[in-house]
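Close look at the chain arrangement
Chain by chain, the residues:
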There are 2 protein chains.
Amino acid sequence: MEYGKATVVGAGVIGISWAGLFLAHGMDVVVCDPRPDTERLVRDGLDGITPGLAALGLPTEGLTDRLRFEPDLAAAVAGTDVVQENGPERLEVKQEIWRTVEEAAPAHALLATSTSGIPATAIARALRRPERLVVGHPFNPPHLVPLVEIVPGERTSPETVERARAFYASLGKKPQVLRKEIPGFVANRLQSALFREAVHLVAEGVVTEEELDEVVTASIGLRWAVAGPFRTFHLGGGPGGLPHFLEHLGRAMEAAWPGLGSPSFDAPTVARLTEQARAAFGDAPVAELAARRDRAQIALMQALGDTTP
Amino acid sequence: MEYGKATVVGAGVIGISWAGLFLAHGMDVVVCDPRPDTERLVRDGLDGITPGLAALGLPTEGLTDRLRFEPDLAAAVAGTDVVQENGPERLEVKQEIWRTVEEAAPAHALLATSTSGIPATAIARALRRPERLVVGHPFNPPHLVPLVEIVPGERTSPETVERARAFYASLGKKPQVLRKEIPGFVANRLQSALFREAVHLVAEGVVTEEELDEVVTASIGLRWAVAGPFRTFHLGGGPGGLPHFLEHLGRAMEAAWPGLGSPSFDAPTVARLTEQARAAFGDAPVAELAARRDRAQIALMQALGDTTP
C-alpha cells in the first residue's frame, strides 16, 4: 500500500473513527491534538469502535500497536504519507493548521480535511501550494458509513483528487468526487432538505418524531439504501422510466413544492421536539443506542455486500 | 383471520400487488376492473411478483386458486370483508366507486382507498356513512415495502382506523396512523422534499444523477433504513442527543435552509435529467432493473428482520 503512515489531526469523534479505520487497515497512525487528555480519549474511543471494525470484517488484534501520540503538529506530520485533519470548523484555525502541515509534511503526502462546511478554496488561500489540499468529508462515523465526499477547491489539482479517491477506495470507502464546491456539499444538503420537512410535519402535529422515523425506515429509508432517488423514480415510472415520470408527473410534483414546510426552530418547536425526543428515546445512554443502531447497520451492509473483508 | 375475502378495485400495478399480498396470506380475492384485458394483466402481474412474495417467505403454491374476476362492482363487493380501492386519482370517479361499494358491500366490510392524494374527507362526502372510509396508502409496491399510511378523514370513526391498522399489521405491513390529513401525506412529502434538492444539485452540475444516487445509497439511505432522521440526529449529537443537537446546531441548520434549491422542471432541466437517466440506466428494461432492486431490498429486509414468515 502506497500509504503506510497517517497523521490524524484533531481527536474528536471523527478523528478517532478515522484513526481506527486507518489502524485496522494496517497503517501506522500518529494522532495530534493539543488536549492533555488526548491519549485517554482516543484509547477509550477506539475501544468503543473496535467491535464495529471487527464486525465489518477488519482485523483488530493489536489494533493500537501502531498508534502514537504527538501533540506538536510539525513533528506529527514529519515523514507521514497522508494527513486527515479534523480540527475546529473555523477558517482561521484550519488555515493555521494547514500552513504548518504544508511546511513540515513530506512533499508526497496526501493532504485532506474532513471539514463539513469550509471550502478547500478558502483554506488553501493560506497555502503556497493550494493544489495539494482537498476536502475528504466523511459521513459520520467514517469507519462505518461508506461515503466520503471529495470536494476539490478551485486550485486543487486533478492529481490530488485522483490520489484521494484511490486512497479512500483502498480503505473500502465509497468516495464520490463533487464537480463543484457548494455549501454543505451533497449528502448534508439532501439530509437537511428532508429534515426541514420532517420538522414541519412534527411541528404541525401530523405525526410525532417517533412515528415519522417509523414512516422513513419502513419506506424511503429501505428504498434509498438499495437505490437512490433518481433510480427509485426510474423504477417507479413504469416501462418509460424516469423520462416518463418527468414528463407526466414532474409538473405536478413541482406544483406541490411550494406547499412543503418552512419551519423555524423557535421556542415552541424546540420544546415540542425536545419533549418528543425524551418520549421516543428515553433515558437510554446515546452511546448504547448508537451501538445498537450500528450493529443493525452492519447487518444491512453485509446483506448488500457493502462491507470490506 | 377476521378478513377472509378481499375485493381489489382497480387492477393497475398497485392493485395487482395488493391482490398478490392478500392471496399469499390465504385470502379469497375478487379483482374488479372494467378493462376487458384485466384477467391477462393481473395474471401476468402476479407471475411477475410471485418470486418476490416467495422470497419474503410467503406461501405461493396455488397462489391464484382463490382468485376471481368480476367486472361488475356491486357484484364484486357482495359478501366481501375488505375493499381496497385503487381507481383513478380523480375525486368524482372515486366518489362514484365508493357510492356503489357502500350500497353493495356488507355492513361489516372494511373500506380503504389506496389514494396518494385525495383526502378521505372529500371522498366520503358522497357517502351515507363516511365513518366507514379510510385511506390506506401503500408505498409502492405494497406487497414489498412495509409502510401503509392510514389517514382518517374528518368523519372516519376511530373503530375504522383501528380495524384498518390491525388488518394491515396482520399482513406483515407496518401501518402508521396519521394524526391529521395533509396533502401528500408523510412519506411522499419527505421524498419530494429530498428530491427537490436532488434535482437542484443535478441541474446545477454539482453531481450527475448516478453520482447523487451513489451518495444517497452510501450514506443517508443506509442510515435511514435503520434509524429515521430524528433518531439519526439523536445519535449524532453526542451524549446530549437530539436536545443538544437542536440547541447547538439547530439555528445554523435553519440559517442554511433558504440556501437549498428551488428548481423547476423547465425544458433544459428535463432534457438534462432525461439524458442523464439514459446514461445511468441505459436500455435495460425497467422491469428487470426493478426485479434486481427488489431482490436487494428483500435481502436487506431479511437482514433487519423485517420480513414476515
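As recorded by an unreviewed UniProt entry, chain A carries the name Hydroxylacyl-CoA dehydrogenase and is attributed to Streptomyces caatingaensis. One UniProt comment on chain A, placed under Sequence similarities (unreviewed entry), says "Belongs to the 3-hydroxyacyl-CoA dehydrogenase family." You can read under Pathway (unreviewed entry) in the UniProt record for chain A the words "Lipid metabolism; butanoate metabolism."

**Some remarks on the interface of chain A and chain B**
Facing the 99 residues of chain A at the interface are 99 residues of chain B. Of all residues in chain A, the largest losses of buried area upon contact with chain B belong to A:Arg223, A:Phe230 and A:Trp257, amounting jointly to 9% of the total for that side. Along the contact surface separating chain A from chain B lie 6 salt bridges. The partner of B:Arg179 in a salt bridge is A:Glu211, with the nearest N and O atoms 2.5 Å apart. The interface formed by chain A and chain B holds 32 residue pairs in polar contact (both at pLDDT 80 or more) in total. Counting only elements with at least two residues in the side of chain A that touches chain B, the list comes to strand S8 (174-177), helix H7 (187-203), helix H8 (209-217), helix H9 (220-226), helix H10 (229-236), helix H11 (241-256), helix H12 (267-281) and helix H13 (286-304) of chain A. For the side of chain A that touches chain B, the class distribution of residues is 59 nonpolar, 21 polar and 19 charged.

**Some details on the relation of the copies chain A and chain B**
Superposition record for chain A on chain B: RMSD 0.0 Å, screw rotation 180°, translation along axis 0.0 Å. When the rotation and shift are considered jointly, the pair of chain copies conforms to a two-fold rotation axis. A symmetric contact is evident, with 100% of the interface residues of chain A recurring at the interface of chain B.

**A look at the sheet that holds strand S7 (residues 147-152) of chain A**
All names here are of chain A. Across the sheet, which stays open at both edges, the 8 strands sit in the order S3-S2-S1-S4-S5-S6-S7-S8 with mixed pairing between neighbours. Whereas interior strands pair on both sides, the edge strands pair on one side only; in this sheet they are strand S3 (67-69) and S8. On average, each strand axis in the sheet is tilted by 25° relative to the strand beside it, whichever way the strands run. Where helix H2 (residues 38-55) meets the sheet, its contacts fall on strand S2 (28-32) and S3, and the angle it forms with S3 comes to roughly 155°. Lying over the sheet, helix H6 (residues 158-170) contacts strand S4 (82-85), strand S5 (110-113), strand S6 (133-138), S7 and S8, oriented at roughly 170° with respect to S7.

**Brief notes about the nonpolar core**
A:Phe230 and B:Phe230 are the most contacted members of the largest nonpolar core, which totals 88 residues. Look past the residues within four positions of B:Phe230 in its chain and what remains in contact with it is A:Phe195, A:Ala198, A:Val199, A:Val202, A:Glu209, A:Leu212, A:Asp213, A:Leu273, A:Phe281 and B:Leu242. In this structure, A:Leu46, A:Phe167, A:Leu171 and A:Leu300 belong to the second largest nonpolar core, which totals 79 residues.

**Considerations on the pattern of salt bridges**
Across all of its chains, the model carries 34 salt bridges over all chains by this definition. For B:Glu96, the salt bridge goes to B:Arg99, with nearest N and O atoms at 3.1 Å. You can see B:Glu96 and its partner B:Arg99 sitting in helix H4 (residues 91-104), 3 residues apart, about one turn around the helix. Of the charged contacts in the structure, one is a salt bridge between B:Glu131 and B:Arg129, with a shortest N-O distance of 3.0 Å. What emerges from the salt-bridge pattern is a single network uniting A:Arg35, A:Asp37, A:Arg40 and A:Asp44.

**A word on helix H1 (residues 13-24) of chain A**
Residues and elements named next belong to chain A. Given a rise of 1.5 Å per residue, 12 residues ought to cover 16 Å, and the 17 Å separating the end C-alpha atoms of H1 matches this to within 8%. Burial analysis of H1 places 10 of its 12 residues in the buried class, the great majority of the element. Of the positions making up H1, those classed as buried are Gly15, Ile16, Ser17, Trp18, Ala19, Gly20, Leu21, Phe22, Leu23 and Ala24.

**Remarks on the sheet that holds strand S4 (residues 82-85) of chain B**
Residue and element names in this part refer to chain B. Ordered by their spatial adjacency, 8 strands build an open sheet running S3-S2-S1-S4-S5-S6-S7-S8, and the pairing between neighbours is mixed. Strands at the two margins of the open sheet, each flanked by one partner only, are strand S3 (67-69) and strand S8 (174-177). Going across the sheet, the axis of each strand differs from the next one's by a mean of 25°, ignoring polarity. Of the strand pairs in this sheet, strand S7 (residues 147-152) and S8 are connected by 4 bridges, and their pairing is parallel. Following the sheet pairing, Leu147 is matched in S8 by Lys174. The strands touched by helix H6 (residues 158-170) within the sheet are S4, strand S5 (110-113), strand S6 (133-138), S7 and S8, with S7 carrying the most contacts at an inclination of about 170°.

**Section: the domain arrangement of chain A**
All names here are of chain A. Here the domain parsing of chain A yields domain 1 (5-177) and domain 2 (187-304). Placing the centre of domain 1 and that of domain 2 at their C-alpha centroids yields a distance of 30 Å. In this complex, domain 1 contributes 10 residues to the contact, which on the side of domain 2 involves 8 residues. Summed over both sides, the interface between domain 1 and domain 2 buries roughly 720 Å², with carbon and sulfur atoms accounting for 68% of that surface. One can count 0 salt bridges joining domain 1 with domain 2. Across the domain 1-domain 2 interface, the total number found is 2 residue pairs in polar contact (both at pLDDT 80 or more). Looking at the side of domain 1 that touches domain 2, the elements with two or more residues in it are H2 and S7. Along the lines of polarity and charge, the residues of the side of domain 1 that touches domain 2 split into 6 nonpolar, 3 polar and 1 charged.

**Notes on the packing of aromatic side chains**
Residues and elements named next belong to chain A. Scanning the model with the defined rule gives 21 aromatic pairs over all chains in all. Between the aromatic rings of Phe22 and Phe167, the centroid separation amounts to 5.8 Å while the plane-to-plane angle is 50°, which identifies the pairing as tilted. Placement of Phe22 in helix H1 and of Phe167 in helix H6 is noted, with a sequence separation of 145 residues between them. A single burial state applies to Phe22 and to Phe167, both of which are buried. Residues Phe167 and Tyr168 carry aromatic rings whose centres are separated by 5.3 Å and whose planes lie at 55° to one another, so their mutual orientation is tilted. Assigned by exposure class, Phe167 and Tyr168 land together as buried.

**Quick notes on unusual backbone geometry**
Residues and elements named next belong to chain A. Residue Asn140 is joined to Pro141 through a cis peptide bond whose omega torsion reads -10°. One can find Pro141 in the loop between S6 and S7. The phi torsion at Phe185 lies on the positive side, around 55°, for a residue other than glycine. Tracing the chain through its elements places Phe185 in the loop between S8 and H7.

Rules used throughout
- Per chain, the residues get numbers from 1 upward, laid out in the order the sequence is written.
- In the order they appear in the text, chains get letters beginning with A and ligands get numbers beginning with 1.
- Local features in a predicted model are, by the rule used here, given only for residues with pLDDT of at least 70; side-chain atom pairs are given and counted only at 80 or more, and totals for whole chains, interfaces and linings are based on all residues.
- Water and hydrogen atoms play no part in the side-chain values, which are based on all heavy atoms of the structure.
- UniProt positions are given in the numbering used here, feature names are shortened, and annotations may be inferred rather than shown by experiment.
- Whether two residues are in contact is decided by their heavy atoms: any pair within 4.5 Å suffices.
- What counts as buried area is the accessible surface, traced by a 1.4 Å probe, that two parts surrender upon association, with contributions from both included.
- The rule for a salt bridge is simple: a side-chain nitrogen of Lys or Arg has to be within 4 Å of a carboxyl oxygen of Asp or Glu.
- Any N or O atom pair separated by 3.5 Å or less is treated as a polar contact, with the protein-specific requirement of one donor-capable and one acceptor-capable atom, and with residues adjacent in sequence counted only for side-chain atom pairs.
- Numbering of helices and strands starts at the N terminus; helices are DSSP runs of H or I of at least 4 residues and strands are runs of E of at least 2.
- As a working rule, the residues Ala, Val, Leu, Ile, Met, Phe, Trp, Tyr, Cys and Pro are called nonpolar, Asp, Glu, Lys and Arg charged, and the rest polar, with Gly in that last group.
- What sets the superposition is a least-squares fit of C-alpha atoms, and only residues with pLDDT of at least 70 in both copies go into it.
- Here the rule is simple: two strands pair whenever DSSP picks up at least two bridges between them.
- In this description, a line fitted to the C-alpha atoms serves as the axis of each element, helices being fitted only across the stretch in contact, and the angle between N-to-C directions of two axes falls anywhere from 0 to 180 degrees.
- Buried Ala, Val, Leu, Ile, Met, Phe, Trp, Tyr and Cys residues that are joined via side-chain atoms within 4.5 Å together make up what is termed a nonpolar core.
- For every residue, the accessible area obtained with a 1.4 Å probe (protein chains only) is divided by the maximum for its type, and the residue is called buried under 20%, exposed over 50%, and partly exposed between those limits.
- Here the expected span of a helix is defined as 1.5 Å times the quantity of residues minus one.
- Reported domain spans reflect what an automatic or database domain assignment gives.
- When the centres of two rings from Phe, Tyr and Trp lie within 6.5 Å, Trp using its six-membered ring, the rings pair. Their planes under 30 degrees apart give stacked, over 60 give edge-to-face, and anything left gives tilted.

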